[in-house]
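One letter stands for each residue in the lines below.
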Amino acid sequence: MIRRSGLRWRLVAWVTGVLLIASAAIFGVIYEQATSELRSQIDTDVVGDASQLSQAVRAIRTDSPRQVLAEIRRYVSAQPFTGTSSLLFAMVPGAGTVSNHPEVFGGPGPDDGETPGEQTHENGLGRSLLSGPVGLSTRNVPDVGAARVAEHVVRAGSVPVRLGAGEPLIVVTRAQRSIIRSFAIAGAVALVIALLASYLAGASVSLPLRRMAKVATRVDDGDLGPRMEPSGASSAEILILADSFNRMLDRLARAFAAQRDFIADASHELRTPLTVIAGQLEVLAAADEPDRDEVRRVHRLVSAEIARTSRLVDDMLLLSRSERDDFLHPAQIDLRTFVTDLWASASLAAERRFELGELPDATLGADPDRLAQALRNLIGNAIEHTGAPDGLVRLDVELRSEGGVRFAVSDDGPGIAPDERERVFERFHRTDQARDRAGGGAGLGLAIVQVIAQAHGGAVRVSPAATGGARLELDLPQAHVRARPASERPRTTARH
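Just so we're clear, the structure is a prediction, and the values are computed from it rather than from any experiment.

## What to know about the layout of surface pockets
Empty space within the second largest pocket amounts to approximately 600 Å³. Forming the walls of the second largest pocket are 22 residues, and the residues nearest its centre are A258, Q259, F262, E426 and R427. Of all the secondary structure elements, the ones that give two or more residues to the lining of the second largest pocket are α5 (236-286), α6 (292-321) and α10 (445-455). With six residues, the top contributor of residues to the lining of the second largest pocket is α5. Among the residues making up the lining of the second largest pocket, the classes are represented as 10 nonpolar, six polar and six charged.

Here it is in structure tokens:
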């Protein structure tokens with residue numbers, strides 16, 4: 001069931017509203033223009049008829065009011081008033097009035113169907129034509145109604161004559177009614193067509209959206225399998241929306257899969273130390289009087305597993321916080337001092353052949369704690385995959401020509417197979433299961449390096465080292481690096 005608040009109904013409402021507003025504006029313009037033109041034409045005709053009557057009166061050569069009235073009567077009688085001709089009238093002082101429409105100036109008694117009061121009112125309207133200012137005006141004429149009247153005062157010889165011509169405005173009224181009726185019929189037809197067209201257009205536009213809503217409902221129920229499949233006739237906007245929607249579902253599917261894998265791997269990793277702890281405690285509890293050496297042995301094993309579990313939990317918490325805005329706290333780092341101190345502490349962790357390349361004298365904008373953690377993990381990974389005491393672990397720091405800095409840790413260990421070079425950064429992934437677990441690793445070290453690199457806008461990658469082992473590069477292209485001028489560099493002394 002489609003609610004009336006849906007897209008198609010909103011589209012219908014918008015189209016209908018726009019059509020009504022446009023129709024009203026067009027109707028107003030046409031109505032006013034037609035009325036104005038009709039009135040203008042009537043005024044032109046009335047003024048012309050009054051001018052002709054004036055010329056005819058001026059041509060009368062007599063000073064007798066009665067003869068003037070008789071001549072005017074002959075003129076207007078030749079032009080009787082009809083629905084298509086003009087009303088003509090005149091008043092000669094001392095002689096009377098004349099008109100081509102006898103009912104204009106009334107009569108002594110009411111016509112058929114009229115009351116005396118109505119007849120008196122009509123007589124008053126007729127007399128009003130013979131008074132007031134001359135010129136063009138709108139008057140109520142008996143038995144005619146509203147009319148445009150043009151009046152003049154002219155002389156026939158020495159006799160003043162007030163005359164006029166008029167046309168009823170019923171033509172304008174009829175034209176107005178015709179316009180209203182025509183617009184009502186045309187508007188109704190156009191409105192019905194617009195309603196149908198907008199409804200069908202709304203249905204066509206909303207159909208893929210309703211399909212997408214059904215897919216979203218299935219996704220909300222936990223099914224990430226369905227995808228939007230728009231037809232080839234769909235608009236570009238729908239195709240873009242469907243593609244974005246499908247890519248979003250792909251990312252969600254990958255995110256949920258990674259989450260499930262992470263939970264499963266974390267459960268597996270935590271189960272091992274818990275099993276060891278529980279087993280050792282059961283062994284200890286089974287003895288009635290365990291000796292002190294056995295207690296110390298159990299304590300040592302349990303403490304080691306607790307420490308390993310604590311490190312695992314800390315690593316997982318760090319990975320979970322990597323998406324937060326406050327994951328990094330950038331600061332300006334003296335690159336040479338930072339790397340020198342880090343390398344000094346890291347080289348004490350194991351007996352290896354440690355080599356540190358030449359360090360650039362520059363400052364680096366990054367989070368010192370997260371960057372140190374990432375580098376320690378890379379160095380620790382190299383230590384784990386080299387043998388004592390001559391295994392090579394080397395750190396090189398390079399300033400990128402296009403900006404940023406690159407840290408590279410190399411070793412001469414067995415290296416990393418090409419098909420493993422992308423997977424080594426996955427959580428809980430180990431290339432050497434036995435050695436990593438024995439060394440306390442959970443397969444999160446390089447995953448932590450990757451999230452720290454990504455948080456800095458960089459990346460981490462694996463390539464073969466020139467020494468035969470692996471080379472892991474931490475590339476920070478967006479880090480702000482400023483090489484210090486010689487005048488700002490600290491004075492150093494040789495170390496022995």
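## Concerning helix α2 (residues 65-77)
For α2, which comprises 13 residues, the first-to-last C-alpha distance of 18 Å matches the rise-based estimate of 18 Å (1.5 Å per residue) to within 8%. Listed as buried for α2 are V68, L69, I72 and V76. Taken around the axis of α2, the buried residues stretch over an arc of 95 degrees, which confines them to a single face. Exposed and oriented more than 90 degrees from the buried face of α2 are R66, R74 and S77.

## Remarks on the nonpolar core
Counting 52 residues, the largest nonpolar core has L364, L371, F407 and L474 as its most contacted members. Looking at this core, the element that brings in the most residues is helix α8 (residues 368-384), giving eight residues. When residues no more than four places from it in sequence are discounted, the contact partners of L364 are A331, Q332, I333, L335, L371, V405, F407, A479, H480 and V481. V46, A50, I72 and V161 belong to the second largest nonpolar core, which has 23 residues in total.

## Digging into the sheet that holds strand β10 (residues 405-411)
The strand order β7-β9-β10-β12-β11 describes an open sheet built from five strands, whose pairing is mixed. Of all strands in the sheet, those bounded by a partner on one side alone are β7 (353-356) and β11 (459-464). Strand-to-strand twist of the sheet, defined as the mean angle between neighbouring strand axes without regard to direction, takes the value 15 degrees. In this structure, strand β9 (residues 392-399) lies alongside β10, joined through seven bridges in antiparallel fashion. Among the inter-strand pairings, V397 is bridged to a residue of β10, identified as F407.

## Considering the pairing of β9
Relative to β9, β7 runs parallel, the two sharing four bridges. Residue E355 lies in a different strand from β9, and its bridge partner there is R394. Here β9 hands over to β10 after five residues, with G403 in that stretch at a positive phi of 110 degrees.

## Some remarks on the pattern of salt bridges
For the structure shown, the criterion picks out 21 salt bridges. Residue R400 is joined to D475 by a salt bridge in which the shortest nitrogen-to-oxygen separation is 2.7 Å. Linking R400 in the loop between β9 and β10 with D475 in strand β12 (residues 470-476), this pair joins segments that are 75 residues apart in sequence. There is no split in this pair, since R400 and D475 are both buried. Each of E398, R400, E402, R406, R461, R471, E473 and D475 takes part in salt bridges that share partners, so that together they form one network.

## Considering the side chain of T62
Turning to its location among the elements, T62 is positioned in the loop between α1 (7-58) and α2. Among the polar contacts listed, one links the side chain of T62 to the backbone nitrogen of S64, at a separation of 3.2 Å. Separated by 2.6 Å, the side chains of T62 and Q67 make a polar contact. Once you skip the residues sitting within four places of it in the chain, T62 turns out to touch Q67, V68, A156, G157 and V159.

## Quick word on the packing of aromatic side chains
Taken as a whole, this structure holds three aromatic pairs when the rule is applied. Plain terms: the ring middles of F27 and Y31 are 5.4 Å apart, the flat faces sit at 35 degrees to each other, and that makes the pair tilted. Taken together, the positions of F27 and Y31, both in helix α1 and four residues apart, correspond to about one turn of that helix. By relative accessible area, Y31 is classed as partly exposed at 23%. Aromatic side chains W343 and F354 sit 5.6 Å apart centroid to centroid with 85 degrees between the ring planes, which places their arrangement in the edge-to-face category. Of the two residues, W343 sits in helix α7 (residues 335-346) while F354 sits in strand β7, which places them 11 residues apart along the sequence. Among the aromatic residues, those joined into a cluster by ring pairs are F27, Y31 and F183.

## What to know about the packing of α7 against α8
Remark: α7 packs on α8, axes separated minimally by 11 Å, with the N-to-C direction vectors making an angle of 40 degrees. In terms of axis orientation, α7 runs oblique to α8. Here α7 runs over α8; the crossing is right-handed. Here F338, L342, W343, S345 and A346 of α7 come into contact with α8, specifically with P368, L371, A372, L375, R376, I379 and I383. Of the residues in the contact of α7 with α8, the class split is 10 nonpolar, one polar and one charged.

Reading the values: the criteria
- Residues numbered from 1 in each chain as written.
- Predicted model: local features only at pLDDT ≥ 70, side-chain atom pairs only at ≥ 80, totals over all residues.
- Heavy atoms only, no water.
- 1 Å grid on protein atoms, 1.4 Å probe; cavity = no way out; pocket = protein on both sides within 12 Å on 5 of 7 lines; lining within 4 Å.
- Points joined across faces, edges and corners; volume = space filled by probe spheres on them.
- Helix = DSSP H or I, 4+ residues; strand = E, 2+ residues; numbered from the N terminus.
- Nonpolar A, V, L, I, M, F, W, Y, C, P; charged D, E, K, R; others polar.
- Expected span 1.5 Å × (residues − 1).
- Buried < 20%, exposed > 50% of the residue type's maximum accessible area, 1.4 Å probe, protein only.
- Arc of directions from axis to C-beta.
- Core = buried A, V, L, I, M, F, W, Y, C linked by side-chain atoms within 4.5 Å.
- Contact = heavy atoms within 4.5 Å.
- Pairing = 2+ DSSP bridges.
- Axes fitted to C-alpha atoms, helices over the stretch in contact; angles between N-to-C directions.
- Salt bridge = Lys/Arg side-chain N within 4 Å of Asp/Glu carboxyl O.
- Polar contact = N/O pair within 3.5 Å; in protein donor to acceptor, adjacent residues only side chain to side chain.
- Phe/Tyr/Trp six-rings, centres within 6.5 Å; stacked < 30°, edge-to-face > 60°.
- Parallel < 35°, antiparallel > 145°, perpendicular 65-115°, else oblique.
- Left-handed = near helix turned anticlockwise from the far one by under 90°.

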